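Here is what each chain is made of, one letter per residue.
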Amino acid sequence: MTQSPPKTPKGFTKAFWVSNTVELFERMAYYAVFIVLTIYLSSILGFSDIEASMISGLFSGGLYLLPIFTGAYADKIGFRKSMIVAFSLLSVGYLGLGVLPTLLEAAGLVEYGKTTHFSGLPDSDTRWMIVPVLFVIMVGGSFIKSIISASVAKETTEATRARGYSIFYMMVNIGAFTGKTVIDPLRNVIGEQAYIYINYFSGAMTVLALLSVILLYKSTHTAGQGKSMQEISEGFMRIVTNWRLLVLILIVTGFWMVQQQLYATMPKYVIRMAGETAKPGWIANVNPFVVVCCVSFVTRLMAKRSAITSMNIGMFLIPLSATLMAFGNLLGNDVISGMSNITLMMIAGIVIQALAECFISPRYLEYFSLQAPKGEEGMYLGFSHLHSFLSSIFGFASAGLLLTKYCPDPALFDSREAWEAASVNAHYIWYYFAAIGLISAFALLVFAKITGFIDKKKKAKV
């Protein structure tokens, strides 16, 4: 019989810590790029707000849809091979994001510097070369979404799983914080070219993760190697016919639609409303900073509570966060000297948003991992990310439309006065997302009541 790897003094295997470390590198790479992806698409490649939002939404959505399939494939070939494939693709993709603008500049379509000067690129089909590059990153990233969280499930027991996912989520947010930290200092030094060079940083991080897996990741947990495609298909059907998981995914999608606005709306919103000196990377970093500081405490606080109870608390915090973000455009004189009210209230909203995430995300992953039959952890944890597919598609699409309507690009207007008149109700954007969050919170409350009632009836019959 296969034996588990020896436990470390803290109760986790070496493979657990390697998995979390490479997750740290991958998150650093991803968030360094993703925080400014819509700006990269507009400022570097010449896409409009709506086009940039749609491309980003489809990219992010695909990143979270594909794990349903790549997770099942990872169950078949094993986690180590899957990680090697994933980090190889990610390295190629991020380096491609850095090289593509160089090719466009060499073709005479654009000139990069502190600011970008287009010479026909916005009207050229050549800019759509970004699609296959993003597709490579999407496929590589989709493996990671299922593999690492499933590896955590494999390398923990029921008794240590909540703590294991708390550590995992803390590492995710340390990576997110570090990755977002890089862009603002780089932008201050070299201007809009920072959106190009940040991709080389991300490529270096994924190469480092690839080497770590090759040299250090060894686990006797092989996640169901040798499964036939029929067995994988049967497992997939068990998931898609599990009504509880499907309904929970739909409800949690509302939370993530609001969360996605850190990347879909916030960067452009704060630069347009607070000025070019605004630092969206630092503002977004409030989220992972709060999560890193609070997630372990929240997990311990809610240890004796069910996953659904913990998630309910977080869901009722999220509409409050979006409402606070709207207040930045309603306050009069700056509350804090030297800080725009837009920035101040954005930070306040993100603090609440991060606390909500502490209550929701680790317990959500725990909930899904406990539903997974042995050998199907990759598939189930891959399926758990379906909410991010839906929230990316709808969240980014909504962001593009709402930005265009309430907070359009100042470059489209002949004068500052004309733009100010067009963006006077920019804060309305956040009211939409507050409403989405509130509906989702009540939906989860109803879900908890119904499922609790059903479970009690089943126990009574037994």
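A quick note: this is a predicted structure, and the numbers were derived from the prediction, not measured.

### Points about the overall build of the protein chain
And then number 1: Counting secondary structure elements, the protein chain contains 20 helices and 2 strands.
And then number 2: Here the C-alpha radius of gyration of the protein chain, 22 Å, is about what a compact globule of 462 residues would show, namely 23 Å.
And then number 3: Dimensions of the protein chain along its principal axes, counting C-alpha atoms only, are 70 × 45 × 40 Å.
And then number 4: Sequence separation of at least 24 residues holds for 83% of the intrachain contacts in the protein chain that already meet a minimum separation of 6.
And then number 5: For the protein chain, the distance from the average site of its 35 positive side-chain charges to the average site of its 26 negative ones is 16 Å.

### Re a nonpolar patch on the surface
And then number 1: On the surface, Phe327, Leu330, Leu331, Val335, Ile336, Tyr428, Tyr431 and Tyr432 cluster together to form a nonpolar patch covering roughly 700 Å² of accessible area.
And then number 2: Tracing the chain through its elements places Leu330 in the loop between helix H15 (307–326) and helix H16 (341–371).
And then number 3: When its relative accessible area of 45% is taken as the criterion, Leu330 is described as partly exposed.

### Structural notes on the state of the cysteines
And then number 1: The full count for this structure, using the stated rule, is 0 disulfides.
And then number 2: Cysteine Cys293 remains unbridged, with the sulfur of Cys294 as its closest cysteine sulfur at 5.9 Å.
And then number 3: Here Cys294 is not disulfide-linked; the sulfur of Cys358 is the nearest cysteine sulfur, at 5.4 Å.
And then number 4: You can call Cys294 partly exposed: its relative accessible area is 21%.

### Quick notes on the nonpolar core
And then number 1: Membership of the largest hydrophobic core comes to 139 residues, with the highest contact counts inside it found for Leu248 and Tyr269.
And then number 2: When residues no more than four places from it in sequence are discounted, the contact partners of Leu248 are Ile308, Met311, Tyr364, Tyr367, Phe368, Leu444 and Phe447.

### Focus: the packing of aromatic side chains
Working definition: an aromatic ring pair is given by the centre-to-centre distance plus the angle between the planes.
And then number 1: A full pass over the atoms with the stated rule returns 20 aromatic pairs.
And then number 2: Each ring, one from Phe255 and one from Trp256, has its centre 5.0 Å from the other, and the planes form 75 degrees; the classification is edge-to-face.
And then number 3: Classification of Phe255 by relative accessible area gives buried; the value is 0%.
And then number 4: Among the aromatic residues, those joined into a ring-pair cluster are Tyr30, Tyr31, Phe34, Phe59, Tyr263 and Phe396.
And then number 5: Against the face of Tyr31 rests Lys180, its NZ or CZ located 4.8 Å from the ring centre.

### Let's talk about the packing of helix H7 (residues 161–190) against helix H8 (residues 194–216)
Between two packed helices, both the angle of their axes relative to each other and the distance between the axes serve to describe the pair.
And then number 1: Direction vectors running N to C along H7 and H8 enclose 140 degrees, while the axes themselves pass 9 Å from each other. Judged on the interaxial angle alone, H8 and H7 are oblique. As for the relative orientation of H7 and H8, their crossing is right-handed in sense. Contacts between H7 and H8 involve Gly179, Val182, Ile183, Leu186, Arg187 and Ile190 from the first element and Ala194, Tyr195, Tyr197, Ile198 and Phe201 from the second.
And then number 2: When the residues that make up the contact of H7 with H8 are grouped by side-chain class, the tally is 9 nonpolar, 1 polar and 1 charged.

### A short note on the side chain of Ser142
And then number 1: Mapping Ser142 onto the fold places it in helix H6 (residues 130–154).
And then number 2: The exposure class assigned to Ser142 is buried, which follows from its relative accessible area of 0%.
And then number 3: With sequence-adjacent residues up to four places away left out, Ser142 is seen in contact with Leu63, Leu66, Pro67 and Thr70.

How each quantity is defined
- Residues numbered from 1 in each chain as written.
- Predicted model: local features only at pLDDT ≥ 70, side-chain atom pairs only at ≥ 80, totals over all residues.
- Heavy atoms only, no water.
- Helix = DSSP H or I, 4+ residues; strand = E, 2+ residues; numbered from the N terminus.
- Rg over C-alpha atoms; globule rule 2.2 N^0.38 Å.
- Contact = heavy atoms within 4.5 Å.
- Lys, Arg positive; Asp, Glu negative; His and termini not counted.
- Charge placed at Lys NZ, Arg CZ, Asp CG, Glu CD.
- Patch = residues over 30% accessible without salt bridge, like charges linked within 9 Å, V, L, I, M, F, W, Y side chains within 5 Å.
- Areas by Shrake-Rupley, 256 points an atom, 1.4 Å probe, with all protein chains shown as cover.
- Salt bridge = Lys/Arg side-chain N within 4 Å of Asp/Glu carboxyl O.
- Buried < 20%, exposed > 50% of the residue type's maximum accessible area, 1.4 Å probe, protein only.
- Disulfide = S-S within 2.5 Å.
- Core = buried A, V, L, I, M, F, W, Y, C linked by side-chain atoms within 4.5 Å.
- Phe/Tyr/Trp six-rings, centres within 6.5 Å; stacked < 30°, edge-to-face > 60°.
- Lys NZ or Arg CZ within 6 Å of the ring centre and 35° of its normal.
- Axes fitted to C-alpha atoms, helices over the stretch in contact; angles between N-to-C directions.
- Parallel < 35°, antiparallel > 145°, perpendicular 65-115°, else oblique.
- Left-handed = near helix turned anticlockwise from the far one by under 90°.
- Nonpolar A, V, L, I, M, F, W, Y, C, P; charged D, E, K, R; others polar.

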